[in-house]
Amino acid sequence: MKTHRSDPFLLTPGPLTTSATVKAAMQRDWGSWDDEFNAMTAEMCRRLLGHANATGSHVCVPIQGSGTFAVEAALGSLIDPALTTLVLVNGAYGKRLVSLLERMRRPYEVLDTGDAAPPSPATVTERLQADPSIGYVALIHCETSSGILNPLEAIAEEVAAQERELIVDSMSAFGGLPVDAQRTPFLALISSANKCFEGVPGFGFVIVRRDALEAAEGRCHSLSLDLHDQWRYLQRTGQWRYTPPTHVVAAFLQALDEHDAEGGVKARLARYTRNRECLVTGMRRRGFITLLEDRWLSPIITTFLSPAHSAFDFARFYAELKASGFIIYPGKLTEMESFRIGSIGHLDVAVMERLLNAVDEALAAMGVDDCRPAA
Ligand SMILES: *Cc1c(COP(=O)(O)O)cnc(C)c1O
């Protein structure tokens, strides 16, 4: 896989490496009021609903901004302020949900399982049975700060059995991991353009149950993030309420075509899994340790513990890898020194092997000959 010019590969959780053809799709200017652009928006929403098997039951509403804007729009528009939200936290993105609810002054409770363990469905059930004021459960599908893949299907089943509503931040998973709204009940699922569909950054979107969105009129604390208003305006005019990221939408449609051509979610998941396996096997062979046990590793991003060796310096490691054409990501753990390497984006195993060679060179340049973390 070749990228544009000699851009570095982004081994990050987004924005990520995109194909030259996705970037090239941005070479035209579109009028935001124009029929052609409106048709592009409609096609995009239709196809995203198809990817979640949510046609009919749900609608797809795009919203300008980064992924967090879409999460804020969903929480602010869909949550009844009289009900409590149980937030399942095991990393920074779960904590961000808490910050958003705090800002909006919506009641919440937290079930925090630390950086390296998923929430247990049985515990969620206990909490829901013990507290009738809880109306919603909010879950991060893949917690990108550690790479942990949370058990969406099992949690969704429990939440539905307890007759509560589930809100899923599937930002870093949708498009790369299967989602089926008919088998995995959810009120809303949130993702963005620049993750597993491999588009460029500029908007997020919410796949939301139609009946719930219809009931959300006038609830949002924010004008620009009001999902109900955005949806009604789109329905009425075919247009986004305020200036849309036109080039980003054009690039996203190209990215959707490339997703289909590759073989859809199944093929993409297989490629990301091969990338992850090559990365993790290669890093372990060099003595690195992953934060997570194998059963919680996601095909999206992997956290490695930093070597305890006195010559290891993350800033230097980063710079060496960047000079070789690879951008990695700092860790986001509270307790341990770590760094992250993503396996998503327009990359394959050949890229991962080149990265592993670059890791060898970086370690040699620093004089690190032992990659084990502190005991
Ligand atoms: C990327 C991501 C987000 C959104 O982050 P932005 O920086 O606002 O795009 C939210 N949740 C998860 C799990 C993510 O991976």
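Details of the structure are given in the entry above.
Since this is a predicted model, take the numbers as computed values, not measurements.

S.K.: Talk me through helix H6 (residues 152-161); I want residue IDs and the actual numbers.
M.R.: Because each turn of an α-helix spans 3.6 residues, side chains separated by three or four positions end up pointing in the same direction. Within H6 the residues assigned to the buried category are Leu 152, Ile 155, Ala 156 and Val 159. One face of H6 carries all of its buried residues, which in axial projection span an arc of 100°. Every exposed residue of H6 that faces more than 90 degrees away from the buried side is listed here: Glu 157 and Ala 161. Buried residues along H6 sit against strand E3 (84-89), helix H5 (121-130), strand E5 (134-140) and strand E8 (165-169). Looking one or two residues beyond H6, the residue adopting positive phi is Glu 163, at roughly 55°.

S.K.: Would you mind going over the nonpolar core in detail, with residue names and values included?
M.R.: Residues Leu 48, Leu 166, Phe 174, Phe 203, Ile 207 and Phe 252 are the most contacted members of the largest nonpolar core, which totals 46 residues. At the level of secondary structure, the elements contributing two or more residues to this core comprise helix H2 (35-51), E3, H5, E5, H6, E8, strand E10 (203-209) and helix H9 (246-262). With eight residues, H9 is the largest single contributor of residues to this core. Contact partners of Leu 166, with chain neighbours within four places excluded, come to Val 137, Leu 139, Leu 152, Ile 155, Ala 156, Val 159, Pro 185, Phe 186, Leu 187 and Ala 188. Within the second largest apolar cluster, 34 residues are counted, among which are Ala 74, Val 87, Ile 140 and Leu 227.

Reading the values: rules and limits
- Residues numbered from 1 in each chain as written.
- Predicted model: local features only at pLDDT ≥ 70, side-chain atom pairs only at ≥ 80, totals over all residues.
- Heavy atoms only, no water.
- Buried < 20%, exposed > 50% of the residue type's maximum accessible area, 1.4 Å probe, protein only.
- Helix = DSSP H or I, 4+ residues; strand = E, 2+ residues; numbered from the N terminus.
- Arc of directions from axis to C-beta.
- Contact = heavy atoms within 4.5 Å.
- Core = buried A, V, L, I, M, F, W, Y, C linked by side-chain atoms within 4.5 Å.

Keep in mind that these numbers describe shape and distance, not what the molecule does.
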